[in-house]
Amino acid sequence: MMRYKCVVAYVGRNYSGWQSQKRNDSIQEILEEVIARIAQEKVNVIGSGRTDAGVNARGQVFMFDTNRIMSARKWMGAINAFLPADIHISSVEESDECFHARYNVRYKQYTYRINHGQYDVFTKDTAYQCPIHLDVEKMKEGLQYLIGTHDFTSLNSSSLQEYPDQVRTIRSITLEEVDDMITISFVGKGFLRYMVRMMASALIEVGKHKYEPIHIKEILDAKSKSTPHKNSPAEGLTLEYVDYFKTLALDERGMVREFLMGDTIPVEGISLKEIELAVKENHPMQYYAITTRHSQELLGYYQINQDHATIYVLEEDRGLPLVNILMEQLQNRLYQRGIQEKIAVEVVK
């Protein structure tokens, strides 16, 4: 069984969104039908997340498992041969069982595009055609209130019953204007339903001088589903890019993965940025977190140093049993790097 990681771009106007709707008009259903036709077996496609009806994607990521073994290049060509012109696979690569398109997401980047000049038929499917010229400087002032960690209850449509915790972190928001096209980029790990479109709508209202920028903070502070808010048009939104963290070992009970924003780094004198860069550039010295699978509790950390590796267990009772479960996977990865030494294990008191 092989796992393939794919990146797909699509214009969303003609589709009911990413998620399978049993109507054969979602991106997921179309991909599953095409891949199953090539593989000659039932295939489940799992995406990085949902996009709603009419929303576009330039970098949606999905994965599928199959017994049909072909090169990544052949898979890409074969899938594209059967897809409509407004859906296109831009890359395919072989992956291992530690990769998961949904659960290994580090962050996503969405853009919301607004044409506030003359109506443009050539961008009508990928940008909101706003009939009112917007005050970009006011919008830039307003977006500052959205950056960081906030309770976004007032700015999404996910129910509190399904998602009781609606606190999310926005890493960054940037706004650029070229001619009459405004592009707002939102970067964060997780977004609730309609969250990006509601943030964009709030900024548009500020740009129309309907509200002062401080009103965005008032909306957030209300933490209420009854707060008046709008949902900006779907065609303006595009999923641009999905970034993934690296996982070295995985079990239902725990994992060894990259350190992420929000993790406590138990190694003195080193920053998260330095750890991320070392992994990205395959530096001789690398650090990884050992965590539980679902609650992501830190039980230890794993250090690779040139020609040897050490596991440091921070919580002995749960950490050592988990290390024993994951040890074989970690050792095999070391052998792949050309390191023959056995992994040392130390308990940190």
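For the structure itself, consult the block above.
Residues numbered from 1 in each chain as written. Predicted model: local features only at pLDDT ≥ 70, side-chain atom pairs only at ≥ 80, totals over all residues. Heavy atoms only, no water.

*Asks:* Would you take a moment to explain the state of the cysteines for this structure?
*Replies:* Should the sulfur atoms of two cysteines be covalently bonded, the bond is a disulfide. Counting across every chain of the model gives zero disulfides. Distance from the sulfur of Cys-6, which forms no disulfide, to the nearest cysteine sulfur (Cys-98) is 18 Å. The buried category is assigned to Cys-6, whose relative accessible area is 0%. (Disulfide = S-S within 2.5 Å. Buried < 20%, exposed > 50% of the residue type's maximum accessible area, 1.4 Å probe, protein only.)

*Asks:* Help me understand helix H7 (residues 316-336) in this model?
*Replies:* Note that an α-helix has 3.6 residues per turn; residues three or four places apart therefore point the same way. Look at H7: 28 Å from first C-alpha to last across 21 residues, which is about the 30 Å you get at 1.5 Å a residue. Roughly 50° is the biggest bend found in H7, and it falls at Leu-326. The set of residues buried in H7 consists of Gly-319, Leu-322, Val-323, Leu-326, Met-327, Leu-330, Gln-331 and Leu-334. Elements that come into contact with the buried residues of H7 comprise strand E11 (247-251), strand E12 (254-257), strand E13 (285-292), strand E14 (298-305), strand E15 (308-313) and strand E16 (344-347). Note on H7: the residue one or two positions beyond its end, Gly-338, has a positive phi of about 85°. (Helix = DSSP H or I, 4+ residues; strand = E, 2+ residues; numbered from the N terminus. Expected span 1.5 Å × (residues − 1). Bend = angle between axes of the 7 residues up to and from the residue. Contact = heavy atoms within 4.5 Å.)

*Asks:* Would you mind going over the packing of helix H3 (residues 136-143) against helix H4 (residues 195-207) with me for this structure?
*Replies:* Describing two packed helices takes the angle between their axes plus the distance from one axis to the other. At a closest axis distance of 8 Å, the pairing of H3 and H4 adopts a crossing angle of 135°. Classed by the angle they form, the pair H3 and H4 counts as oblique. Where H3 crosses over H4, the handedness of that crossing is right-handed. Of the residues in H4, those touching H3 at Lys-138, Met-139, Gly-142 and Leu-143 are Leu-203, Ile-204, Val-206 and Gly-207. Looking at side-chain class alone, the contact of H3 with H4 contains five nonpolar, two polar and one charged residues. (Axes fitted to C-alpha atoms, helices over the stretch in contact; angles between N-to-C directions. Parallel < 35°, antiparallel > 145°, perpendicular 65-115°, else oblique. Left-handed = near helix turned anticlockwise from the far one by under 90°. Nonpolar A, V, L, I, M, F, W, Y, C, P; charged D, E, K, R; others polar.)

*Asks:* What is the right way to read the pairing of E14 from this model?
*Replies:* The buried fraction of E14 amounts to six of the eight residues, a majority that puts the element mostly inside the structure. Both E13 and E14 contribute to a ladder of seven bridges, which runs antiparallel. Counted as the bridge partner of Tyr-287 is Gln-303 from E14. Joining the antiparallel neighbours E13 and E14 is a turn of five residues, in which Gln-296 adopts a positive phi near 60°. The pairing of E14 with E15 spans six bridges and is antiparallel. Within the sheet, the bridge partner assigned to Tyr-301 lies in E15 and is Tyr-312. (Pairing = 2+ DSSP bridges.)

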